[in-house]
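A structural walkthrough
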Amino acid sequence: MTDHEEFAKVDAELNARGFTRMVFDLGRIEELLDLMGSPQRAYPSIHLTGTNGKTSTARMIDSLLRAFGLHTGRYTSPHLETIRERISLDGEPVSEARFVATYREVEPLAELVDQRGDEPLTYFDMTTALAFATFADAPVDVAVVEVGLGGAEDATNVIGAGVAVITPIGLDHTEFLGDTIEDIALAKSGIIHKGATVISAAQNEEAARPLLERVAEVGATIAREGAEFGVLRRAVAVGGQVLTIQGLGGVYDEIFIPLHGAHQAQNAAVALAAVEAFLGAGENRQLDIEAVREGFAGASSPGRLERVRSAPTILLDGAHNPHGMAATVNALQEEFAFSRLVAVVAVLGDKDVAGLLELLEPVVDQVVVTRNTSPRAMPVGELAELAEEFFGADRVETAEDMPDAIEVAVALAESDTEAELSGVGVLVTGSVVTVADARRLLKR
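Let us look at the structure shown here. None of the values given here were measured: they were computed from a predicted structure.

When its secondary structure is counted, the protein chain shows 15 helices and 17 strands. Principal axes of the C-alpha set define a box for the protein chain whose edges measure 65 × 55 × 45 Å. When contacts within the protein chain are restricted to residue pairs at least 6 apart in sequence, those whose partners lie at least 24 apart make up 73%. Here the protein chain displays about 17900 Å² of accessible surface, and carbon together with sulfur accounts for 48% of that area. In the protein chain, which carries 35 positive and 69 negative side-chain charges, the distance between the mean positions of the two groups comes to 4 Å.

Another point: a negative patch on the surface. Among the surface-exposed residues, Asp25, Glu30, Asp34 and Glu153 lie close enough to one another that they form a single negatively charged patch. The residue Glu153 is located in the loop between β5 (142-146) and β6 (163-166) in this model.

Our next topic: the pattern of salt bridges. The final tally for this structure, using the stated rule, is 20 salt bridges. A salt bridge links Glu13 to Arg104; its shortest N-O distance comes to 3.4 Å. Taken together, the residues Glu13 in helix α1 (residues 3-16) and Arg104 in helix α4 (residues 96-116) connect sequence positions 91 residues apart. Taking relative accessible area as the criterion, Glu13 reaches 21% and is therefore assigned partly exposed. Given the relative accessible area of 25%, Arg104 is considered partly exposed. With a shortest N-O distance of 3.0 Å, Arg104 and Glu107 are connected by a salt bridge.

As a further point, take helix α7 (residues 181-188). Of all the positions in α7, only Ile181, Ile184, Ala185, Ala187 and Lys188 are classed as buried. Along the long axis of α7, the arc covered by the buried residues comes to 160°, so they all point the same way.

Across the interface, α4 lies against helix α5 (residues 123-137) with an axial gap of 10 Å and an inter-helix angle of 120°. Viewed along their axes, α4 and α5 adopt a mutual orientation that is oblique. Between α4 and α5 the crossing geometry is right-handed. Contacts between α4 and α5 involve Arg98, Phe99, Thr102, Tyr103, Glu105, Val106 and Ala110 from the former and Met126, Leu130, Ala133, Thr134 and Asp137 from the latter. Within the contact of α4 with α5, the residues separate by chemical class into 7 nonpolar, 2 polar and 3 charged.

Here we have 3 strands laid out as an open sheet, ordered β9-β10-β11, and antiparallel in their pairing. At either margin of the open sheet sits one strand with a lone partner, and together these are β9 (230-237) and β11 (251-257). Averaged over all neighbouring strand pairs, the angle between strand axes comes to 15°, with direction disregarded. Packing of helix α10 (residues 289-297) onto the sheet brings it into contact with β10 (240-246) and β11, and relative to β11 it is tilted by some 25°. With respect to the sheet, helix α11 (residues 322-335) is in contact with β9 and β10, its orientation differing from that of β9 by roughly 50°.

Now for the layout of surface pockets. Any empty space left between the atoms is revealed when a probe the size of a water molecule rolls over them. Volume-wise, the second largest pocket comes out at about 330 Å³. Looking at the lining of the second largest pocket, the elements that each hand over two or more residues are α3 (54-67) and α15 (432-442). Partitioned by chemical class, the residues of the lining of the second largest pocket number 5 nonpolar, 7 polar and 7 charged.

Our focus in this paragraph is the nonpolar core. Ranked by internal contacts, the top residues of the largest apolar core, which has 37 residues, are Leu14, Leu32, Ile87, Phe99, Met126 and Phe135. Those elements giving two or more residues to this core turn out to be α1, α2 (27-35), β3 (87-89), α4, α5 and β5. Looking at this core, the element that brings in the most residues is α5, giving 9 residues. Here Phe99 is in contact with Phe7, Val10, Leu14, Ile83, Arg84, Ile87, Val94 and Leu130, once residues within four sequence places are set aside. With 35 residues, the next largest nonpolar core counts Leu65, Ile257, Ala274 and Leu287 among its residues.

Another point: the pairing of strand β1 (residues 45-49). Extensive coverage of β1 is indicated by the burial of 5 of its 5 residues. Every second residue of β1 is oriented toward a common face, with Ser45, His47 and Thr49 on one face and Ile46 and Leu48 on the other, all of them buried. Relative to β5, β1 runs parallel, the two sharing 4 bridges. Residue Ser45 lies in a different strand from β5, and its bridge partner there is Ala143. Summarising the sheet, β1 and β6 pair through 4 bridges and their orientation is parallel. Counted as the bridge partner of Leu48 is Val165 from β6.

The omega torsion across Ser77 and Pro78 is -5°, close enough to zero to call that bond cis. On the secondary structure map, Pro78 appears in the loop between β2 (72-75) and β3. A cis amide bond links Ala138 to the next residue, Pro139, at an omega of -15°. One non-glycine residue, Leu305, lies in positive phi territory at about 45°. Mapping Leu305 onto the fold places it in the loop between α10 and β12 (306-309). Overall, Leu305 belongs to the buried group, its relative accessible area being 4%.

Our focus in this paragraph is the packing of aromatic side chains. A full pass over the atoms with the stated rule returns 4 aromatic pairs. On the basis of an interplanar angle of 0° and a centroid distance of 5.7 Å, the ring pair of Phe336 and Phe338 is categorised as stacked. Among the residues examined, Phe336 registers a relative accessible area of 13% and is labelled buried. Residue class for Phe338 comes out partly exposed when judged on its relative accessible area of 22%. Lying across the ring of Phe7, Arg84 places its NZ or CZ 5.9 Å from the centre.

Cut-offs used in this document
- Residues numbered from 1 in each chain as written.
- Predicted model: local features only at pLDDT ≥ 70, side-chain atom pairs only at ≥ 80, totals over all residues.
- Heavy atoms only, no water.
- Helix = DSSP H or I, 4+ residues; strand = E, 2+ residues; numbered from the N terminus.
- Contact = heavy atoms within 4.5 Å.
- Areas by Shrake-Rupley, 256 points an atom, 1.4 Å probe, with all protein chains shown as cover.
- Lys, Arg positive; Asp, Glu negative; His and termini not counted.
- Charge placed at Lys NZ, Arg CZ, Asp CG, Glu CD.
- Patch = residues over 30% accessible without salt bridge, like charges linked within 9 Å, V, L, I, M, F, W, Y side chains within 5 Å.
- Salt bridge = Lys/Arg side-chain N within 4 Å of Asp/Glu carboxyl O.
- Buried < 20%, exposed > 50% of the residue type's maximum accessible area, 1.4 Å probe, protein only.
- Arc of directions from axis to C-beta.
- Axes fitted to C-alpha atoms, helices over the stretch in contact; angles between N-to-C directions.
- Parallel < 35°, antiparallel > 145°, perpendicular 65-115°, else oblique.
- Left-handed = near helix turned anticlockwise from the far one by under 90°.
- Nonpolar A, V, L, I, M, F, W, Y, C, P; charged D, E, K, R; others polar.
- Pairing = 2+ DSSP bridges.
- 1 Å grid on protein atoms, 1.4 Å probe; cavity = no way out; pocket = protein on both sides within 12 Å on 5 of 7 lines; lining within 4 Å.
- Points joined across faces, edges and corners; volume = space filled by probe spheres on them.
- Core = buried A, V, L, I, M, F, W, Y, C linked by side-chain atoms within 4.5 Å.
- Phe/Tyr/Trp six-rings, centres within 6.5 Å; stacked < 30°, edge-to-face > 60°.
- Lys NZ or Arg CZ within 6 Å of the ring centre and 35° of its normal.

This is how it looks when you write it as structure tokens:
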């Protein structure tokens, strides 16, 4: 078989494992990693959790570390186009050949663990083990690791990272993590280990309390946005924004990031503080400003208000909960001046869809509802009924699949004969799966 055929076979084998188990248990991944020789101990790590902004922040941390000459491994999820995106070396997804070779080394050990337990290792258990092994083999100087779900019982929480990053916490995955912000924050606080430095985005009181209690319990140190670091100034710029950031070690000015929205500025401040903590900056000891500027200028976050077409502008954004959609809406209002904007929306059925639509309604003229390729996708008819409650029937169109939905949305956007094409746009949103489907069709 070719490398690509072998990779496709491995991809199918991983998918066949399933994504969840009945009981969250770190025992399986710990047993597997022990058999592998504990690759996660071969390098220091920066560990990220939170409800929104984890991947963008992880990508900025990765870019900053590379600007300082470090070899990086980055583990994030979910992916947009290929599972290889989850495991990056020096900013690039691992090759198909390398992915397959690592899998074949781990596979017999995984089978041994499967035979000993009631349930097999999951897809996420396996990709986590593959990431840690890949980073050890490379080798990397530092790993940037994003949790999959929650924190305390997530498969990644075997690294005992010296720097723990908490992005903003809101309601999501309530079926697994609890019905309140406090419950969710408690689960996420589990990535804070003894002696760690915690970098926390601004949190509401309900989320902050469990985090501070965990910090005190394990003897960690915390730096909080708004107290020890934060964005001092931001200005919209062509293709992104220019920031002045108060870091742990001083003020960093003229920082350009090619990303849109106040939420990405917040992510940038969190990322900078995390890198300062990792590299030992603080108390009037700043990082080199030119390296910081280089790192941020090279950052990217596919599927986060990503422009993939012009005339009309087509933006892709993976907002899938109200907290994320609020950030997207704010960015649209602040940084884009559309005379007409049409949204393509496809969602997963277990999300707060009403909350998403309510936030989106004031900023779009019409909405085209469709379904994405996830088996958990909400049916088009059900989504259309919900959308009509917020938009009214005359502002809602339906399409059975993504290609048709984009075609309808573009036609609706261009139907404003008085507007120039540069002033009309299409926003594809509602789920990371939705963005992935659209990206395959539109990204050259």
